[in-house]
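A look at the structure
Listed here are the chains, written in short residue letters.
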Amino acid sequence: MNHAFLYAAARTPFGRFGGALAEVRPDDLAATALTGVLGKVPSLDPACIGDVVYGNANGAGEDNRNVARMAVLLAGLPVSVPGSTVNRLCGSSLDAAMTASRAVECGDADVVVAGGVESMTRAPWVLPKPAKGYPAGNVTAVSTTLGWRLVNERMPQEWTASLGECNEQLADRFAISRERQDGFAARSHQLAHAAWESGHYEDLVVPVPETGLTRDEGIRPGSTPGTLAGLKPSFRTGGSITAGNASPLNDGAAALVIGSEAAAEAVGAGPLARIAGRGTHALAPQDFGFAPVEAANAALARAGITWSDVSAVELNEAFAVQSLACVDAWRIDPAIVNAWGGAIAIGHPLGASGARILGTLAHRLRLSGDRWGVAAICIGVGQALAVVLENVTHGSENR
């Protein structure tokens, strides 16, 4: 079996809901990320790309009808380059990367571009089609921005609770205080700002034309536990989850070049990291925030390593409480988690976040010289994914 390697990563800046990227269609965002990542490997002939796999959580508006293929066409790639869109909600683009790595490992392709896109701003309202024409009563347009919609009445009520309520339950279960959540959120903003100031994202982020946005729009470097403590709970009276310690609604896209070892010649560069292990896990829908624990443990087992070998973790911060619950369960040093900030500050455009954390992880390992890292993401309706990367860049000190 071949090994699968990550050769390049790129993403757009992540825009706030209704912010600088609000007028950009999701298929155009997807094409921007695709063009951007191929710009990192200019020697690669796009005609050599065996497939483009993009993740997308919504698919109800301008991102419908296979946004991956639309990105290929809008980016000006040869029409012979195929595209496929996958949907595992928040984990969609990490799922795309896992799918791409399997295609490489089994020899179906030498080079695959994986990624994802979401415009939560432009997610449409939808009307269910009536079973019979011309209903006499009123109809309600349903927002597709986030969460359950058009829920099947056979679903148990506890499964269909809001994402915030599910995480309030997690806070109760593990006795994770508001103070810890606000401290974690403030750290995310401060580290994301510091990473930008240090130039860590210069090689990863490509601008979106005609928007003027060059950095992630939602980072608030002045955030402190004290300022966040003044925010009101968003989901429960007296609850602990606020707009400040949960990820916001965002727009953005990300892409990765994944290939075999032999693809280095076509790519024109050596790889950054080997995809060494993959993990998938599921719990009851309301427990989704805790699902990354076993997804990561499974990925580590498949890579043949343990947490003691891991030097860097990228955990998507859907909520501070679920991130803290996972870090506590893994019993790892919190300092290795999201050292360049996380989704609470950077943003969480659902379909793009998995590719963002995987690309960031590869670049963190390249810079530090450490060998092993884990990217993990929770997924609404009770699921999670994780990938283990092995640093293969020259000069890695701990190989």
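See the structure shown above.
All of the points below concern the structure found in this document. (Residues numbered from 1 in each chain as written. Predicted model: local features only at pLDDT ≥ 70, side-chain atom pairs only at ≥ 80, totals over all residues. Heavy atoms only, no water.)

1. Observations concerning the overall build of the protein chain
- Along its length, the protein chain carries 11 helices and 12 strands.
- Every one of the 399 residues in the protein chain was classed for burial, and the buried ones make up 55%.
- Across the protein chain, contacts joining residues at least 24 apart in sequence account for 80% of those joining residues at least 6 apart.
- By element, 51% of the accessible surface of the protein chain is carried by carbon and sulfur atoms, the whole surface being about 16,200 Å².
- Counting 30 positive and 38 negative side-chain charges, the protein chain places the averaged centre of each group 4 Å from the other. (Helix = DSSP H or I, 4+ residues; strand = E, 2+ residues; numbered from the N terminus. Buried < 20%, exposed > 50% of the residue type's maximum accessible area, 1.4 Å probe, protein only. Contact = heavy atoms within 4.5 Å. Areas by Shrake-Rupley, 256 points an atom, 1.4 Å probe, with all protein chains shown as cover. Lys, Arg positive; Asp, Glu negative; His and termini not counted. Charge placed at Lys NZ, Arg CZ, Asp CG, Glu CD.)

2. Details of the side chain of Asp251
- Secondary-structure assignment places Asp251 in strand β8 (residues 250-259).
- In terms of polar contacts, Asp251 uses its side chain to reach the backbone amide nitrogen of Met120, at 2.9 Å.
- Side-chain polar atoms of Asp251 contact the side chain of Thr121, separated by 2.8 Å.
- When sequence neighbours within four positions are dropped, the list of residues in contact with Asp251 reads Pro13, Phe14, Gly15, Arg16, Leu21, Ala22, Leu29, Glu118, Ser119, Met120, Thr121 and Pro349. (Polar contact = N/O pair within 3.5 Å; in protein donor to acceptor, adjacent residues only side chain to side chain.)

3. A closer look at the side chain of Asn338
- With respect to the helices, strands and loops of the structure, Asn338 is situated in the loop between α9 (320-330) and α10 (343-346).
- Exposure remark for Asn338: the relative accessible area of 1% places this residue in the buried category.
- Among the polar contacts listed, one links the side chain of Asn338 to the backbone oxygen of Leu315, at a separation of 2.8 Å.
- Apart from the residues within four sequence positions on either side, Asn338 is in contact with Arg187, Leu191, Val313, Glu314, Leu315, Glu317 and Arg364.

4. Observations concerning unusual backbone geometry
- Positioned with a positive phi, Ala175 is a non-glycine residue whose angle comes to about 50 degrees.
- Its location among the elements puts Ala175 in the loop between α4 (163-174) and α5 (178-197).
- Classification of Ala175 by relative accessible area gives exposed; the value is 67%.
- In this structure, Arg331 takes a positive phi of about 55 degrees despite not being glycine.

5. Remarks on the pairing of strand β4 (residues 83-86)
- As defined by bridge partners, strand β3 (residues 51-55) adjoins β4 across four bridges and the pair is classed as parallel. Each bridged residue has a counterpart across the sheet, and for Tyr54 the counterpart in β4 is Thr85.
- Read from β3 through helix α2 (residues 67-74) to β4, the crossover connection turns out right-handed. (Pairing = 2+ DSSP bridges. Right-handed = clockwise from strand over helix to strand, strands pointing away.)

6. Section: the pattern of salt bridges
- Counted according to the given criterion, the structure contains 17 salt bridges.
- Its salt-bridge partner being Asp27, residue Arg25 comes within 2.9 Å of it at the nearest N-O pair.
- For Arg25, a relative accessible area of 33% corresponds to the partly exposed category.
- Here Arg25 and Glu62 are joined by a salt bridge, their closest N and O atoms 3.9 Å apart. Here Glu62 lies in the loop between β3 and α2 and Arg25 lies in the loop between β2 (15-16) and α1 (26-39), a separation of 37 residues in the sequence. (Salt bridge = Lys/Arg side-chain N within 4 Å of Asp/Glu carboxyl O.)

7. Considerations on the packing of α4 against α9
- Across the interface, α4 lies against α9 with an axial gap of 9 Å and an inter-helix angle of 40 degrees. Relative to α9, α4 is oriented oblique. Crossing hand, α4 versus α9: left-handed. Counted together, Asn167, Leu170, Ala171 and Phe174 of α4 and Val321, Gln322 and Ala325 of α9 form the full contact between these two elements. (Axes fitted to C-alpha atoms, helices over the stretch in contact; angles between N-to-C directions. Parallel < 35°, antiparallel > 145°, perpendicular 65-115°, else oblique. Left-handed = near helix turned anticlockwise from the far one by under 90°.)

8. Thoughts on empty space enclosed by the protein
- Tallied over the entire structure, the rule returns two cavities of 30 Å³ or more.
- As a volume, the largest cavity reaches approximately 40 Å³.
- Taken together, Ala9, Ala10, Arg11, Leu204, Ala254, Ala255, Leu256, Ala355, Arg356, Gly359 and Thr360 form the lining of the largest cavity.
- Sort the elements by how many residues they give to the lining of the largest cavity and helix α11 (residues 353-368) lands first, with four residues.
- Of the residues belonging to the lining of the largest cavity, the class tally is seven nonpolar, two polar and two charged.
- There is about 30 Å³ of room inside the second largest cavity. (1 Å grid on protein atoms, 1.4 Å probe; cavity = no way out; pocket = protein on both sides within 12 Å on 5 of 7 lines; lining within 4 Å. Points joined across faces, edges and corners; volume = space filled by probe spheres on them. Nonpolar A, V, L, I, M, F, W, Y, C, P; charged D, E, K, R; others polar.)

9. Regarding α11
- Spanning 16 residues, α11 covers 22 Å between terminal C-alpha atoms, matching the ideal 22 Å at 1.5 Å per step.
- Among the 16 residues of α11, 13 are classified as buried, and the element is accordingly described as predominantly covered.
- Downstream of α11 by one or two residues, Gly369 has phi in the positive range, about 80 degrees. (Expected span 1.5 Å × (residues − 1).)

10. Some thoughts on the packing of aromatic side chains
- Under the criterion given, the structure shown has five aromatic pairs.
- Arranged with centres 5.7 Å apart and planes meeting at 85 degrees, the rings of Tyr201 and Trp340 form a pair that is edge-to-face. Of this pair, Tyr201 sits in the loop between α5 and α6 (225-228) while Trp340 sits in the loop between α9 and α10; the two residues are 139 residues apart in sequence, bridging distant segments of the chain. In terms of burial, Tyr201 and Trp340 fall into one category: buried. (Phe/Tyr/Trp six-rings, centres within 6.5 Å; stacked < 30°, edge-to-face > 60°.)

11. Regarding the environment of Gly147
- Topologically, Gly147 is positioned in the loop between β7 (142-143) and α4.
- In this structure, the C-alpha to C-alpha distance between Gly147 and Arg25, residues 122 residues apart in sequence, is 21 Å.

12. Brief notes about the layout of surface pockets
- Taken as a whole, the largest pocket encloses approximately 330 Å³ of empty space.
- Taken together, the residues of the lining of the largest pocket sort by class into eight nonpolar, six polar and two charged.
- Of the pockets and cavities examined, the second largest pocket occupies roughly 260 Å³.
- Lining the second largest pocket are 19 residues, with Leu146, Ala246, Ser247, Ala318 and Phe319 sitting closest to its centre.
- Looking at the lining of the second largest pocket residue by residue, the class counts come to 13 nonpolar, six polar and no charged.

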